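# Chains, contacts and geometry: an overview
As a plain string of letters, each chain reads:
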Amino acid sequence: MELLVLMQLLITEVHPTPAAGEPEWVELHTQTTYADLDGMRICDARTCAALPPVRIPAGSYAVVT
């Protein structure tokens, strides 16, 4: 029997225009099972960036800059 586990990855906060000199960032949260960011991309109206190959444990947060 094969068990299907669905990943729930939420974008909980976005800071697109921080103070001068600080990078833009996005906060990610996984509620159920782990989230594997490998192969995922984040995009705005002009560009896309590959996310790092990071595994976020269940119930944890990650900040991507």
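None of these values were measured; they are calculated from a predicted model.

## A word on the overall build of the chain
- Within the chain one finds zero helices and seven strands.
- Of the regular secondary structure in the chain, the N- to C-terminal order runs β-β-β-β-β-β-β.
- When each of the 65 residues of the chain is scored for burial, the buried share is 18%.
- Of all intrachain contacts in the chain linking residues separated by at least 6 positions in sequence, the fraction that spans at least 24 positions is 44%.
- When the accessible surface of the chain is summed, it comes to about 5100 Å², and 55% of that surface belongs to carbon and sulfur atoms.

## Quick look at the nonpolar core
- Of all hydrophobic cores here, the largest spans eight residues; its members are Val26, Leu28, Ala35, Leu37, Leu51, Ile56, Ala62 and Val64.
- What Val26 contacts, discounting residues up to four positions off in sequence, is Ile11, Glu13, Val14, Ile42, Ala62, Val63 and Val64.

## What to know about the packing of aromatic side chains
- According to the stated counting rule, one finds zero aromatic pairs in the structure shown.
- Note that Arg55 overlies the ring of Tyr34, its terminal NZ or CZ placed 3.6 Å from the centroid.

## As for the environment of Leu9
- Position of Leu9 among the secondary structure elements: in strand E1 (residues 9-15).
- Residue classification places Leu9 among the partly exposed residues on the basis of a relative accessible area of 26%.
- Distance from Leu9 to Leu28, taken between C-alpha atoms, is 6.7 Å for residues 19 residues apart in sequence.
- Among all residues touching Leu9, those that are not within four sequence positions of it are Leu28, His29, Thr30, Ala35, Leu37, Met40 and Ile56.

Procedures and definitions
Numbers given for residues are sequential positions, taken from 1 along each chain in its written order. Where local features are concerned, this predicted model is filtered to residues with pLDDT of at least 70; where side-chain atom pairs are given and counted, the filter is 80 or more; whole-chain, interface and lining totals use all residues. The basis for every side-chain value is the complete set of non-hydrogen atoms in the structure, without hydrogens or water. For helices the rule is a DSSP run of H or I covering at least 4 residues; for strands it is a run of E covering at least 2, with both sets numbered from the N terminus onward. Exposed residues in this analysis have more than 50% of their type's maximum accessible area, buried residues have under 20%, and partly exposed residues fall in between, with area computed by a 1.4 Å probe over protein chains only. We call two residues in contact whenever any of their non-hydrogen atoms come within 4.5 Å of each other. Surface accessibility follows the Shrake-Rupley procedure with a 1.4 Å probe radius. Residue values consider only the protein chains on display as shielding. Nonpolar cores were defined as sets of buried Ala, Val, Leu, Ile, Met, Phe, Trp, Tyr and Cys residues, with membership established by side-chain atoms within 4.5 Å. Any two of the Phe, Tyr and Trp rings considered here, Trp counted by its six-membered ring, make a pair once their centres fall within 6.5 Å; the pair's planes then place it as stacked at under 30 degrees, edge-to-face at over 60, or tilted in between. As a reminder, the over-ring test applies to NZ of lysine and CZ of arginine, requiring each to be within 6 Å of the ring centre and within 35 degrees of the ring normal.

Nothing here speaks to function; it is geometry throughout.
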